[in-house]
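Examining the three-dimensional arrangement
Listed below are the residues making up each chain.
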Amino acid sequence: MTDALPLTFPPDRRAALDRLAEFVPRAGRDYAARRNYDLPQQGHAGVSRLSPYIRHRMLSETEVLQAVLGRFSPATAEKFVQEVYWRSYWKGWLELRPGVWDQYRQGVRSGQDRLATEAGLRADWEAACRGETGIDCFDAWARELTATGYLHNHARMWFASIWIFTLRLPWELGADLFLRQLLDGDPASNTLGWRWVAGIQTPGKTYVARADNIARYTEGRFDPRGQLAGRADPVDSPPVPARGPAPTGDTPDPERRTGWLLTEEDQLAGFPFLPGAEPPAPVCVLNCTGRRSPLETSPPVTAFAAGALEDTLDRHAARLGPAQHVAARTGWVEQVVDWARDGGVGQLVTPYAPVGPAADAMKELAPALDAAGVPFVRVLRPHDAACWPHATHGFFRFKEKIPGFLAALKGLRAA
Ligand SMILES: Cc1cc2nc3c(=O)[nH]c(=O)nc-3n(C[C@H](O)[C@H](O)[C@H](O)COP(=O)(O)OP(=O)(O)OC[C@H]3O[C@@H](n4cnc5c(N)ncnc54)[C@H](O)[C@@H]3O)c2cc1C
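Source: prediction; values computed, not measured.

This part covers the site of the ligand. Looking at the ligand, there are 27 residues lining it, with Tyr31, Ser48, Arg49, Arg87 and Tyr150 nearest. Within the side chain of Tyr150, an N or O atom sits 2.7 Å from an oxygen atom of the ligand. Note that a nitrogen atom of the ligand is positioned 2.8 Å from one of the backbone N or O atoms of Asp184. Taken by itself the ligand offers 820 Å² of open surface, and the protein chains cover 96% of this. Given that more than half its atoms are within 2 Å of the pocket grid, the ligand belongs to the largest pocket. Tallying contributions element by element places helix α5 (residues 78-96) first for the shell around the ligand, with six residues.

Put into C-alpha cells, the structure is as follows:
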C-alpha cells in the first residue's frame, strides 16, 4: 500500500520535475502491477499523474523516457514506455488524418443540435455531466473530473463506455466534456480514445464496461452489477479520410530577427528559438485553450494553461522582451501581425502545434503573416518527427518501432 499522493497539479515546470523524480522509482514492476487500479483515495499512486505536464510539453516525452530508462531496463519499464508512446502514436495518427478532428468538431455541433431538438436528451446529458445519473461509479467519476481535472485511464474507459452504451448519449458530447474539463485534455488522445471505446477507431470492436472488472480494479469501491448495458453495438461514423503525409516542420533562418509565438502546446520553448533570437527577443503569447469546445472550457483548465505559459515566460525572462498577450478571439490575427511588424520581427517562430485548437489558429494566422511578408516558422520536435510518420496503421505495428526510437533517444536533447 502506498501513501496517498496529492492530486493537485501546480502549473510549473519545477512541480513537473518533482513529480517525475517522485514517480521514477515506481515506473518499473510497480507500474506494471498497479497501473490499472483506479484509486483516487491513494492519489492514484499506481500511475504517474504526469499527463497535464506532458500534454502541455512542460516535460518532454524524451526527458520522461530518459529519466525512467536511467533507472530501469527497457524490459522492466516496458509497460510505462509503451504508454508514453501511445500518446505519440495517437498524435501521429491524427496528424496523418486531420480530417478526423474536423469530423469530431462537426459531431459536437450535431450533438448540441440534438440537445435542442430531442425530447429528454438535454436532461440526460446534464445529469451525466453533473454526475446525477444514479449509477454510483459513473457519478463519482463525473464529480472527480470536475473537482480535480484528472481521471485515471481505466475510469476514462469505463466512463466513456457507460456514456455511450448505457446512457446512450452522443459520444462526441462525452469527448467534449472531457476536453473541457481534463487538465490534460488532448485532441488526439481524447478524440481517438472515445472513438476506440465507441468501436469506430478499431472498426466493429467496442469497449464494454463490465461490473466485475470495475469492482476488481476499484478494489470494491464500486460494484455496478445490473446497472450497465451488456450489449455494445459499434457507433456509426463517417469514413476516415485518406491518409496524408507527416509534417516535416520548418527551419529558422539564423540571419533573421526572431520573434516567438508561444501557445499552450509547448512550454519547452528553448530549442526552437535559439537561432537568431538575440535577447531580448519579442514574444507573443496566444492561449487557445478556450477554443477546445463551443462551450466554456472549465476555469481550472484555462488557469492551468495560463499558469504554464507564465511559468515559461518567467523561466526565459533573461532572453525575452516584454510579452504581448493576445486573446484568441475576433481580431487576434491582426493584433499578432501588427505586433510582429511594429516590433521588427524578421521571422515568427513557434513550436509546431499538433492537430487541435492551436493548429486551427495557426491556419488562420499563416496567410496573414504571409501577406505581411513575415515568414512563419513552425519547428517540429525530433521526437514527433521520428514517431509520427509511423502512425500509419494500428498501435501493434507502431510498437515494433519502439526499440529503434529508444536507441535514438540516447543522442537526443531532453528539451
Ligand atoms: C476515453 C479516453 C479519453 C482520454 N483522453 C485523454 C486526454 O484528453 N488527454 C490525455 O493526455 N490522455 C487521454 N487519455 C489517455 C490516458 O487516459 C491518459 O493519458 C492517462 O490516464 C494520464 O494519466 P497518467 O499520466 O497518470 O498516466 P500513466 O499511466 O502514468 O501514463 C504515463 C503517460 O503515458 C501516456 N499515456 C498513458 N496512457 C495513455 C493512453 N491510453 N493514450 C495516450 N497516452 C497515454 C500519457 O502521456 C501519460 O502521462 C484518454 C483515454 C481514454 C480511454
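Structure's up, so let's keep going.
Sequence positions flagged by UniProt for "domain: Cryptochrome/DNA photolyase FAD-binding" (unreviewed entry) are, in local numbering, residues 80-227. A helix fraction of 70% and a strand fraction of 0% characterise residues 80-227, whose end C-alpha atoms lie 33 Å from each other.

Moving on, we come to the domain arrangement of the protein. Its domain assignment divides the protein into domain 1 (13-96 + 388-409), domain 2 (99-217) and domain 3 (258-379). Computed from C-alpha atoms alone, the centre-to-centre distance between domain 1 and domain 3 is 27 Å. If you look at the interface, domain 1 gives 14 residues, while domain 3 gives 14 residues. Overall, the association of domain 1 and domain 3 removes approximately 1300 Å² of surface from exposure, summing both partners, and the carbon and sulfur fraction of that is 60%. Where domain 1 meets domain 3, there are one salt bridge. Two residues, Glu265 and Arg55, come together in a salt bridge whose shortest N-O distance is 3.2 Å. At the surface where domain 1 touches domain 3, the tally comes to seven residue pairs in polar contact (both at pLDDT 80 or more). Within the residue set of the side of domain 1 that touches domain 3, elements represented by two or more residues are α3 (51-55) and α5. Residues belonging to the side of domain 1 that touches domain 3 are distributed by class as follows: six nonpolar, two polar and six charged.

On to the nonpolar core, then. In this structure, Tyr53, Tyr85, Trp141, Phe159, Trp163 and Trp194 are the most contacted members of the largest nonpolar core, which totals 92 residues. Counting residues per element, this core draws most heavily on helix α9 (residues 153-166), at nine residues. The residues touching Trp141, leaving out its near neighbours within four places in the chain, are Asp38, Leu151, Ala155, Trp158, Phe159, Ile162, Ile214, Thr218, Arg221 and Phe222. Counting residues in hydrophobic clusters, the runner-up holds 24 residues, among them Leu286, Val337, Ala340 and Leu348.

Let us look at the sheet that holds strand β2 (residues 281-287). Strand order in the open sheet formed by five strands is β3-β2-β1-β4-β5, with parallel pairing between adjacent strands. Of all the strands in the sheet, the pair left with one neighbour each is β3 (320-327) and β5 (376-379). Sheet twist, expressed as the average angle between the axes of neighbouring strands with direction ignored, equals 25°. Sitting on the sheet, helix α13 (residues 299-315) touches β1 (258-263), β2 and β3, and the angle it makes with β2 is about 170°.

What follows covers the environment of Phe80. Tracing the chain through its elements places Phe80 in helix α5. Residue Phe80 is classed as buried on the basis of its relative accessible area of 4%. Along the chain, Phe80 and Pro254 lie 174 residues apart, while their C-alpha atoms are 38 Å from each other. In this structure, Phe80 is in contact with Phe23, Ala27, Tyr31, Ser48, Val64 and Val68, ignoring residues within four places of it in sequence.

This part is about the layout of surface pockets. Estimated volume of the largest pocket: approximately 1300 Å³. In terms of lining residues, the largest pocket is bounded by 41 residues, among which Glu83, Trp86, Trp90, Asn153 and Met157 are the most central. Elements with a contribution of two residues or more to the lining of the largest pocket: α3, α5, α9 and α11 (187-198). Top element by residues in the lining of the largest pocket is α5. It accounts for eight residues. Among the residues forming the lining of the largest pocket, the class breakdown is 18 nonpolar, 13 polar and 10 charged. Three or more residues apiece are contributed to the lining of the largest pocket by two domains, here domain 1 (13-96 + 388-409) and domain 2 (99-217). Considering only enclosed or pocket space, the second largest pocket measures out at about 330 Å³ in volume. Around the second largest pocket, the lining comprises 14 residues; the ones closest to its centre are Ile164, Arg168, Leu169, Val235 and Asp236. Counting only elements with at least two residues in the lining of the second largest pocket, the list comes to α9 and α10 (171-181).

About the criteria used
Residues numbered from 1 in each chain as written. Predicted model: local features only at pLDDT ≥ 70, side-chain atom pairs only at ≥ 80, totals over all residues. Heavy atoms only, no water. Near = heavy atom within 4 Å. Polar contact = N/O pair within 3.5 Å; in protein donor to acceptor, adjacent residues only side chain to side chain. Areas by Shrake-Rupley, 256 points an atom, 1.4 Å probe, with all protein chains shown as cover. 1 Å grid on protein atoms, 1.4 Å probe; cavity = no way out; pocket = protein on both sides within 12 Å on 5 of 7 lines; lining within 4 Å. Sits in = over half its atoms within 2 Å of the grid points. Helix = DSSP H or I, 4+ residues; strand = E, 2+ residues; numbered from the N terminus. UniProt positions renumbered as here; feature names shortened; annotations may be inferred. Domains from an automatic or database assignment. Contact = heavy atoms within 4.5 Å. Buried area = accessible area lost by both parts, 1.4 Å probe. Salt bridge = Lys/Arg side-chain N within 4 Å of Asp/Glu carboxyl O. Nonpolar A, V, L, I, M, F, W, Y, C, P; charged D, E, K, R; others polar. Core = buried A, V, L, I, M, F, W, Y, C linked by side-chain atoms within 4.5 Å. Buried < 20%, exposed > 50% of the residue type's maximum accessible area, 1.4 Å probe, protein only. Pairing = 2+ DSSP bridges. Axes fitted to C-alpha atoms, helices over the stretch in contact; angles between N-to-C directions. Points joined across faces, edges and corners; volume = space filled by probe spheres on them.

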